[in-house]
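# A look at the structure
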Amino acid sequence: MYDAAVIGAGVVGAFIARTLTACRVRVVMLEAQNDVAKGQSSANSAIVHAGFDAKEGSLKALLNVRGSEMMENVCRELGVKYRRNGSIVIGFNDEDKKTLEALYERGVTNGVREMSLLTGDEARAVEPGLSPAVTCALFAPTGAIVCPYELTMAAVGNAMDNGADLKLNFKVDSITDRGDHYEISDGTQTIEARYVVNAAGVYSDAVAAMVGDTSFDVHPRRGEYVLLDKTAGRLVDRTVFRTPSKMGKGILVSPTVDGNLLTGPTSVDMVDKTDRSTTQEGLDKVMKEAAENVPAIRFNCSITSFTGLRAVGSTGDFIINSPAPRFVNAAGIESPGLSSAPAIGLYVRDLLGTLGLDVTPRDDFDPIRPALHGFRDLPAGQKNEIIKKDPAYGHVICRCETVTEGEILAAIRTNPKPSDLDGVKRRTRAQMGRCQGGFCSPVILDLLAKELGISPLEVTKCGGRSNVLMSKTKSEEVDV
């Protein structure tokens, strides 16, 4: 019997679970996929928004600003890269200028610090790569960038360090209220928990319906991105947004914490909650509008494109409420969900406390978790000392990102553990460079098979039937 079950191990579920493990609460995380951070948390803009965009008085506004203020310390605790690079929203005409002035006033109301309105020339003084057509801008120095899947995995791992359990491949198909606890089933196994938190992303409306709550629905919104190689150069230092519309913040151009340049996303409402394909139309839009923002972008340096699906709720705001006894929704958490996640964890904890869960703080909670990777950034002397203790750190596997065998083995052995090539990629950045795994994947596959005790034929790229190897081409027995 668990005290609390958190359904969904994306960034929101991860921070809810981590926050609850700081209390005297026995927690289990239930994730439908074969790894954490595989939904929205694996494919988004990686922006810690300052908080000027959300409507005044909304949960989005409240939790965005609080989460943004918490994020730097949270990342320090979890060993996750964080950079407060600032955000600049650009406009091209008088109508854009009026919108930016309204956003400035909204930001002031929401409690965003240090914002300023700029002319086009002032904007280019801050960010020289901007288009000469830019006539106005809103500058928010408190905006920042992180790695979303690294943050999610670290938060899940820290929750597990503090006693939480994680059950993967657990796709909830029924929730039954037994009066003093819930039975949560995936059709083959059942988990019992006194309280349940629904953080199931694009499926959160379906989970809510299992306890009779049909007051909202959630649909996916497609966002397509193009990622450029580091050889494209550091064309911008801040995150560059266009003046937003009702469909979102438009096509952005932003550095990543790992030194790449990210452009996107598109914004197209969808019905299919599983369609992550990219489209020529979408990628053309990304490249066209990104070049309008920052003309010097070299899209011949693109190394990959991808699609993320945002969970858009029908209410226009985050849906965090209790529609049934001992049950809490954390649903419709679209942008700025990543920015808000640490604050959502606290908000849900307090709501559970009002419902009767004992949220008394633990004296032995440990918020600290070492970084999983970053060996390449260490001084030479420190690297040598590590290699003396473990020679695997002297063997570079991924040449593009300079990731060592030691880092890959450490990731495979550390909770939450990966079970496929993409899982290793998200934890170490191996396979994320210019060749996209063309050289290092076979070696990583072999390491993964040995560590998991399985045949190389069983190793997949991303779970399911995505096996990398299909059969043997010759006998392993060779006459000498």
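Calculation criteria
- Residues numbered from 1 in each chain as written.
- Predicted model: local features only at pLDDT ≥ 70, side-chain atom pairs only at ≥ 80, totals over all residues.
- Heavy atoms only, no water.
- Helix = DSSP H or I, 4+ residues; strand = E, 2+ residues; numbered from the N terminus.
- Contact = heavy atoms within 4.5 Å.
- Domains from an automatic or database assignment.
- Buried area = accessible area lost by both parts, 1.4 Å probe.
- Salt bridge = Lys/Arg side-chain N within 4 Å of Asp/Glu carboxyl O.
- Polar contact = N/O pair within 3.5 Å; in protein donor to acceptor, adjacent residues only side chain to side chain.
- Expected span 1.5 Å × (residues − 1).
- Buried < 20%, exposed > 50% of the residue type's maximum accessible area, 1.4 Å probe, protein only.
- Arc of directions from axis to C-beta.
- Pairing = 2+ DSSP bridges.

## Brief notes about the side chain of Arg369
Take Arg369: it is sitting in the loop between helix H8 (337-354) and helix H9 (380-389). Setting aside chain neighbours within four positions, we find Arg369 in contact with Glu77, Leu78, Gly79, Ala154, Gly157, Asn158, Asp161, Thr414, Asn415 and Pro416.

## Digging into the domain arrangement of the protein chain
Along its sequence, the protein chain is organised into domain 1 (1-82 + 145-217 + 314-371), domain 2 (83-144 + 219-308) and domain 3 (375-479). Inter-centroid distance (C-alpha atoms) of domain 1 to domain 3 is 30 Å. Across the contact, 12 residues belong to domain 1 and 14 residues belong to domain 3. Of the roughly 1,000 Å² buried where domain 1 meets domain 3, counting both sides, 51% is carbon and sulfur surface. Connecting domain 1 to domain 3 are two salt bridges. Ionic pairing is found between Asp35 and Arg427, a salt bridge with its closest N-O pair at 2.8 Å. Here domain 1 is connected to domain 3 by six residue pairs in polar contact (both at pLDDT 80 or more). If one sorts the elements of the side of domain 1 that touches domain 3 by residue count, helix H5 (residues 148-161) sits on top with five residues.

## Some words on helix H7 (residues 280-293)
Here H7 is 14 residues long and its end C-alpha atoms lie 20 Å apart, about the 20 Å a rise of 1.5 Å per residue gives. Taken as a whole, H7 has its buried residues at Gly282, Leu283, Val286, Glu289, Ala290 and Asn293. Projected onto a plane normal to the axis of H7, the buried residues spread over an arc of 140° and lie on a single side. The outward face of H7, more than 90 degrees from its buried face, is lined by the exposed residues Gln280, Glu281 and Lys288. On its buried face, H7 is in contact with strand E5 (87-91), strand E13 (218-228), strand E14 (239-242), strand E15 (252-255), strand E16 (261-264) and strand E18 (302-313).

## With respect to the environment of Val328
Along the chain, Val328 turns up in strand E20 (residues 327-331). A residue is classified by how much of its surface remains accessible, and Val328, at 0% relative accessible area, is buried. For the pair formed by Val328 and Arg349, sequence separation is 21 residues and the distance between their alpha carbons is 9.9 Å. With residues up to four places along the chain from it excluded, the contact list for Val328 reads Val196, Val197, Asn198, Asn321, Ser322, Val348, Leu351, Leu352 and Leu355.

## Structural notes on the pairing of E20
The buried count for E20 comes to five of five residues, which makes it a mostly enclosed element. Along E20, one buried face is formed by Phe327, Asn329 and Ala331 and the opposite face, lined by Val328 and Ala330, is buried too. Connecting strand E19 (residues 319-324) to the antiparallel partner E20 that follows it, the hairpin turn spans two residues, and Arg326 within it adopts a positive phi of roughly 60°.

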